[in-house]
Amino acid sequence: MSRSHISSDEFRRHGYELVDWVADYMERVGSLPVQARVAPGDIRAMLPPAAPEDPEPFEALVRDLDSVVLPGITHWQSPGWFAYFPANVSAPSVLAELVAAALGAQGMLWSTSPALTEVESHVLDWLVDLLGLPERWKTAVGPGGGVIQSSASDATHLAHVVARELAKERGASSEHAVAYASSQAHSSIEKGARVAAIRHLRPIDVDENYALRPRALDEAILRDLEQGLAPAIVTSTVGTTGTCAVDPVGEVAAIAERHGLWHHVDAAYAGSAFICPELRVEQDGIARVDSFVFNAHKWMFTNFDCSVFWVADRAPLNRAMSVLPPYLRNAASESGEVIDYRDWQLPLGRRFRALKLWWVLRSYGASGIRDLIREHVRLARWLGERVDEHPSLARVAPVAFGLVCFRHVDGDDATDALAEQINRDGSVYVIPSTVDELRFIRVAVGATPTTAADVERLWSIVSRTL
Ligand code: PLP
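Numbering of residues begins from 1 in every chain and follows the order in which that chain's sequence is written. Under the rules for a predicted model, residues below a pLDDT of 70 receive no local features and side-chain atom pairs below 80 are neither given nor counted, while totals for whole chains, interfaces and linings still include all residues. The basis for every side-chain value is the complete set of non-hydrogen atoms in the structure, without hydrogens or water.

> Got a sec to walk through the overall build of the protein? Specific residues and values, please.
Within the protein one finds 16 helices and 11 strands. The C-alpha radius of gyration computed for the protein amounts to 24 Å, which stays within 12% of the reference 23 Å derived for 466 residues, consistent with globular compactness. Dimensions of the protein, computed from the C-alpha atoms along their principal axes, are close to 65 × 65 × 45 Å. For the protein, the residues scored as buried account for 52% of the 466 residues in total. For the purposes of this entry, the term helix denotes a DSSP run of H or I that reaches at least four residues, the term strand denotes a run of E that reaches at least two, and both are numbered from the N terminus. To get the radius of gyration, use the C-alpha atoms; to get the globule rule, take the number of residues to the power 0.38 and multiply by 2.2 Å. Summary of the burial criterion: residues with accessible area below 20% of their type's maximum are buried, those above 50% are exposed, and those between are partly exposed, where the area comes from a 1.4 Å probe applied to protein chains only.

> Explain the state of the cysteines to me, using residue names and the numbers behind them.
Note on terminology: pairs of cysteine sulfur atoms within 2.5 Å are recorded as disulfides. Taken as a whole and assessed by the stated rule, the structure comprises 0 disulfides. We note that Cys244 lacks a disulfide partner, and the nearest cysteine sulfur, in Cys405, lies 7.7 Å from it. A relative accessible area of 2% places Cys244 in the buried class. Under the relative-accessibility criterion, Cys405 is labelled buried at 1%.

> Requested: an account of unusual backbone geometry, with residues and values cited.
The omega torsion of the bond from Gly142 to Pro143 falls at 10 degrees, within 30 degrees of zero and hence cis. Mapping Pro143 onto the fold places it in the loop between helix H5 (114–130) and strand S1 (145–149). Asp305 follows Phe304 through a cis peptide bond whose omega is 10 degrees. Within the secondary structure, Asp305 sits in the loop between helix H11 (296–299) and strand S7 (307–311). Even without being glycine, Tyr210 reaches a positive phi, approximately 65 degrees. Structurally, Tyr210 can be placed in the loop between strand S3 (200–204) and helix H8 (214–226).

> So what's going on with the environment of Ala193? Residues and values would help.
Inspection of the secondary structure puts Ala193 in helix H7 (residues 187–195). The exposure class assigned to Ala193 is buried, which follows from its relative accessible area of 1%. Each residue touching Ala193, except ones within four places of it in the same chain, is listed here: His160, Ala179 and Ile198. In what follows, a contact means two residues having at least one pair of non-hydrogen atoms within 4.5 Å.

> Residue-level account of the packing of aromatic side chains, with values.
By convention, a stacked pair of Phe, Tyr or Trp rings (six-membered ring in the case of Trp) has centres within 6.5 Å and planes under 30 degrees apart, an edge-to-face pair has planes over 60 apart, and any other such pair is tilted. This structure, assessed with the given rule, holds 14 aromatic pairs. Consider the rings of Trp137 and Phe292, whose centres lie 5.8 Å apart with planes at 45 degrees: the pair is tilted. Note that Trp137 is positioned in the loop between H5 and S1 and Phe292 in strand S6 (residues 291–295), a separation of 155 residues in sequence. Of the two residues, Trp137 and Phe292, both sit in the buried class. Counting every residue linked through ring pairs, the aromatic cluster contains Trp137, Phe274, Phe292, Phe294 and Trp310. Whether a charge sits over a ring comes down to the Lys NZ or Arg CZ being within 6 Å of the ring centre and within 35 degrees of the ring normal. Taking the ring centre of Trp358 as reference, the NZ or CZ of Arg362 above it sits at 4.7 Å. Of note, Arg442 hangs over the ring of Phe85, and the distance from its end group to the ring centre comes to 4.7 Å.

> Please provide a residue-by-residue account of the site of the ligand, values included.
Neighbouring residues are identified by heavy atoms, a residue being near a molecule or strand if any of them is within 4 Å of it. Close to the ligand lie 13 residues, the nearest being Ala152, Ser153, Thr241, Asp266 and Asn295. Residue-level accessible areas treat just the shown protein chains as cover; the underlying method is Shrake-Rupley with a 1.4 Å probe. When the free accessible area of the ligand is taken as 390 Å², the share hidden by the protein chains comes to 86%. Among the secondary structure elements, those contributing two or more residues to the shell around the ligand are helix H6 (152–169) and H11. The residue inventory of the shell around the ligand, partitioned by class, reads 3 nonpolar, 8 polar and 2 charged. Residues are sorted three ways: Asp, Glu, Lys and Arg are charged, Ala, Val, Leu, Ile, Met, Phe, Trp, Tyr, Cys and Pro are nonpolar, and all the rest, Gly among them, are polar.

> Any details on helix H15 (residues 412–424)? Residues and values, ideally.
To estimate the expected span of a helix, count its residues, drop one, and scale the result by 1.5 Å. With 13 residues, H15 ought to run about 18 Å at 1.5 Å a step, and its terminal C-alpha atoms sit 18 Å apart, in line with that. Along H15, the residues that are buried comprise Thr415, Leu418, Ala419, Ile422 and Asn423. Along the axis of H15, the buried positions cluster into a sector of 130 degrees, meaning they face one direction only. For H15, exposure combined with an orientation more than 90 degrees from the buried face picks out Asp413 and Arg424. Taken from the residues just after H15, Gly426 is the one with a positive phi, measuring 90 degrees. Note: the arc covers the axis-to-C-beta directions of the helix.

Any functional reading would require information beyond the geometric quantities listed.
If you want it as structure tokens, here you go:
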């Protein structure tokens, strides 16, 4: 800090104060209303019209965390967070982010900071074992490998780009390339295909559990082939956003292999649960796919952004992503002995995201992560049983991983009214959703501090509202 306007001593003092603020926040987050209750423009109205010309004391910056920032924060780290999917964090992850920020290193090439690359490759190889994934996805084994992306959307976009390039190598234009995914797939598939300039996306029918129907996929591919199109990629979802449905990955793999499609798996939320062997699903099928993404930033206690993307063979990804200007040439890259992650992603620069994942895995140990995930799943199942026992409620899908989906038997309006009442309490937050025009409430159990008491509180709010 010697060239900074803040001395080392001041930095240390403010740092201690700030860590105190963060620790206090983590302690009191459960007592704050989960949802931000501000109107559009409220936060902006508290900011001065122009940037300060003169330096402000650091104390003023910290003060505004309470007065300006917190009122506009929806508390994803609240123990009463049951909305969307979790985006959970943990102490080791938060502290690792501080270190990564201070190092400020860029890991686009191995040579621009070898530790960034080697920790990332190694920790993702650990995860292959921890999640029960194929050995050849390890960079140390090959031909596959893992890389951290910002988001599952980025990984899915990349998978579509690679599939398009492979289709081109086979002589098909991107105009003819076709992407497939179930009608329940996340919107990132549509966006990824569109941004990859794949013009045709076929939403495939699902069964009564909202899982892709393989026969419908096969028929769609055959129809497209008859039309002279070029089926390029299919995405299977393990844990759909709506109801956490699991596509039959093995059956989709057989179809993808028969027709030569790239097969991508989106396990953005549910992938973390694979750390518990009893929660692994479709493992044999997953061993046959071309790429797989899961978000450690959803349910593995690692701050956003940390989306882990594996490819079964890294060569097509590297071919699609590699552009080598003279200023990036270096002896280590040319030796062929190192990984340069710039060839595994769209941006050139990349920060040290692996540090937080490494710290989370070491600080909790795999057993600590398993315990937390198992507890979340146990609590979701408990809530599912309460729902099943109540005459005014009906589950709309099996309880899957940490997700419970239910509706009011009196219909959509009653379901919306119930969600509104639940959220009005302020100590918990759920969101209603719609699948096949069926309105229901999603409860995703998975925030780091959520315990049995929080799920019981949610249930008592639900049951006294009914
Ligand atoms: N895929 C699924 C199944 C999801 O549920 C989500 C987000 O909830 C995503 C992809 C998108 O994740 P990200 O925000 O990392 O792009």
